[in-house]
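Coordinates in review
Residue strings, one per chain:
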Amino acid sequence: MVVFDLDDTLYEYAPCDAAGKAALFRFAAEELGVMSPAFEQAYAQARVNVKKRLGPTASSHSRLLYCHEAMELVGLRSEPHVALVMEQEYWRNYMLAMELRPGVGDLLQTLRFNDVVTAIVTDLTAQIQFRKLYHLDIAKLIDHVVCSEETALEKASLQPFELLASRVAPDALDCVWFVGDQDFDAPVDALVEKGVIRDGFGFVHGATGQERVQHWNSVREVEDLLERSAGRAA
Ligand SMILES: [Mg+2]
């Protein structure tokens, strides 16, 4: 089985977040009369507040909560419908900017062709993550999706990975590859130790302390290694 992270792994996060925020700040200026940088600062502070209160759980990423809290911070009343419109503005523009990373489509096709089980394990609420998969048009190439909203805690707790393991055939857990951008996207050692998977290998951006996890720059590198190991297994 190959387990992918979604955000900043299958597509690049920064341009999407920038597009979403730009739309949000434009809305605040035009519709609420709150100019940036005042609103921008309020939004940043709201994000910090929400994350601090909620800790590592899916709703700590909720743009609806950030927008709602930001309005409180700039001294506006709680206006639920405005918060909803702002959240929509953010995600609509975010998703319009989303593009699959080069090679992702090919890699998913190759996995499908070789009968390798594919999964996405991702931190955030299901409503948003399912919409992203629809926009990226890759849902049909993914066998299982787990969002951290389905578990109490996020990926760093391993709970979403354990939920995935409970949903797949046992032999899918013999060798699991992980592809992500952060170290906690590929907790190979911890999952082997807990007996959740039998063996595995991971790819993340940046440094990692794990022997079985390596750095990747392009999706092509992952596909090359997969083809080589599939060749060995055949
Ligand atoms: Mg990520």
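Residues numbered from 1 in each chain as written. Predicted model: local features only at pLDDT ≥ 70, side-chain atom pairs only at ≥ 80, totals over all residues. Heavy atoms only, no water.

Under an unreviewed UniProt entry, the protein has the name Hydrolase of the HAD superfamily and belongs to Blastococcus jejuensis.

1. Quick word on the environment of Leu-226
Within the fold, Leu-226 resides in helix H9 (residues 219-233). A relative accessible area of 13% places Leu-226 in the buried class. If we skip the residues at most four places from it in the chain, Leu-226 touches Val-2, Leu-107, Leu-111 and Trp-177. (Helix = DSSP H or I, 4+ residues; strand = E, 2+ residues; numbered from the N terminus. Buried < 20%, exposed > 50% of the residue type's maximum accessible area, 1.4 Å probe, protein only. Contact = heavy atoms within 4.5 Å.)

2. Let's talk about the pairing of strand S2 (residues 118-122)
Among the five residues of S2, five are classified as buried, and the element is accordingly described as predominantly covered. The sheet contact formed by strand S1 (residues 2-4) and S2 spans three bridges and is parallel. Across the sheet, Phe-4 pairs through a bridge with Ile-120, a residue of S2. By the bridge criterion, four bridges tie S2 to strand S3 (residues 144-147) in an arrangement that is parallel. (Pairing = 2+ DSSP bridges.)

3. A short note on the domain arrangement of the protein
The domain architecture assigned to the protein consists of domain 1 (2-12 + 100-233) and domain 2 (13-97). Relative placement of domain 1 and domain 2: their C-alpha centres are 29 Å apart. Surface buried jointly by domain 1 and domain 2 totals about 1,300 Å² across both partners, of which 63% is contributed by carbon and sulfur atoms. Three residues, Glu-12, Arg-131 and Glu-154, lead the burial of domain 1 against domain 2; their summed loss comes to 36% of the area buried on that side. Where domain 1 packs against domain 2, one counts five residue pairs in polar contact (both at pLDDT 80 or more). In terms of residue class, the side of domain 1 that touches domain 2 is made up of five nonpolar, three polar and eight charged. (Domains from an automatic or database assignment. Buried area = accessible area lost by both parts, 1.4 Å probe. Polar contact = N/O pair within 3.5 Å; in protein donor to acceptor, adjacent residues only side chain to side chain. Nonpolar A, V, L, I, M, F, W, Y, C, P; charged D, E, K, R; others polar.)

4. Regarding the packing of aromatic side chains
Evaluation of the coordinates by the stated rule reveals 12 aromatic pairs. For the ring pair Tyr-11 and Tyr-94, a centre distance of 6.1 Å and an interplane angle of 75 degrees mean the geometry is edge-to-face. Taken as a pair, Tyr-11 in the loop between S1 and helix H1 (13-32) and Tyr-94 in helix H4 (residues 80-97) lie far apart in primary sequence, 83 residues in all. What makes Tyr-11 buried here is its relative accessible area of 0%. Residue Tyr-94 is classed as buried on the basis of its relative accessible area, which comes to 0%. An aromatic cluster of three or more residues is present, and its members are Tyr-11, Tyr-13, Tyr-90, Trp-91 and Tyr-94. (Phe/Tyr/Trp six-rings, centres within 6.5 Å; stacked < 30°, edge-to-face > 60°.)

5. With respect to the coordination of the magnesium ion
The coordination sphere of the magnesium ion, as far as protein atoms go, consists of Asp-5 (OD), Asp-7 (O) and Asp-181 (OD), spread over 2.1 to 2.2 Å. Read in sequence order, the donor residues for the magnesium ion give the motif D-x1-D-x173-D. For the pair shown, Asp-5 and Asp-7 are each scored as buried. (Donors = N, O, S within 2.8 Å, 3.2 Å for Na, K, Ca; no water.)

6. Observations regarding the pairing of strand S5 (residues 200-204)
For S5, the buried fraction is high: four of the five residues fall into the buried class. Here strand S4 (residues 176-179) pairs with S5 via four bridges, running parallel. Paired with Trp-177 across the two strands is Phe-201, which belongs to S5. Once the chain exits S4 it traverses helix H8 (residues 188-193) before rejoining the sheet at S5, and the crossover so formed is right-handed. Judged from the three bridges that link them, S5 and strand S6 (residues 213-215) form a sheet pairing that is parallel. Note on S6: the bridge partner recorded for Val-204 is His-215. (Right-handed = clockwise from strand over helix to strand, strands pointing away.)

7. Observations regarding the packing of helix H2 (residues 38-54) against helix H3 (residues 63-73)
Running from N to C, H2 and H3 point in directions that differ by 120 degrees, and their axes come no closer than 8 Å. The angle between H2 and H3 falls in the class oblique. Handedness of the crossing formed by H2 with H3: right-handed. Within the contact between the two elements, H2 uses Phe-39, Ala-42, Tyr-43, Gln-45, Ala-46, Arg-47, Asn-49, Val-50, Lys-51, Arg-53 and Leu-54 and H3 uses Arg-63, Leu-65, Tyr-66, Cys-67, Glu-69, Ala-70 and Leu-73. Looking at the contact of H2 with H3 residue by residue, the class counts come to 11 nonpolar, two polar and five charged. (Axes fitted to C-alpha atoms, helices over the stretch in contact; angles between N-to-C directions. Parallel < 35°, antiparallel > 145°, perpendicular 65-115°, else oblique. Left-handed = near helix turned anticlockwise from the far one by under 90°.)

8. Some remarks on the side chain of Glu-154
Mapped onto the secondary structure, Glu-154 falls in the loop between S3 and helix H7 (159-167). Although Glu-154 is buried, it makes no salt bridge; Lys-51 carries the closest opposite charge, 6.1 Å away. Sequence-distant contacts of Glu-154, that is, excluding residues within four places in its chain, are made with Pro-56, Thr-57, Ala-58, Ser-60, His-61, Asp-123, Leu-124, Ser-148, Gln-159 and Pro-160. (Lys, Arg positive; Asp, Glu negative; His and termini not counted. Salt bridge = Lys/Arg side-chain N within 4 Å of Asp/Glu carboxyl O.)

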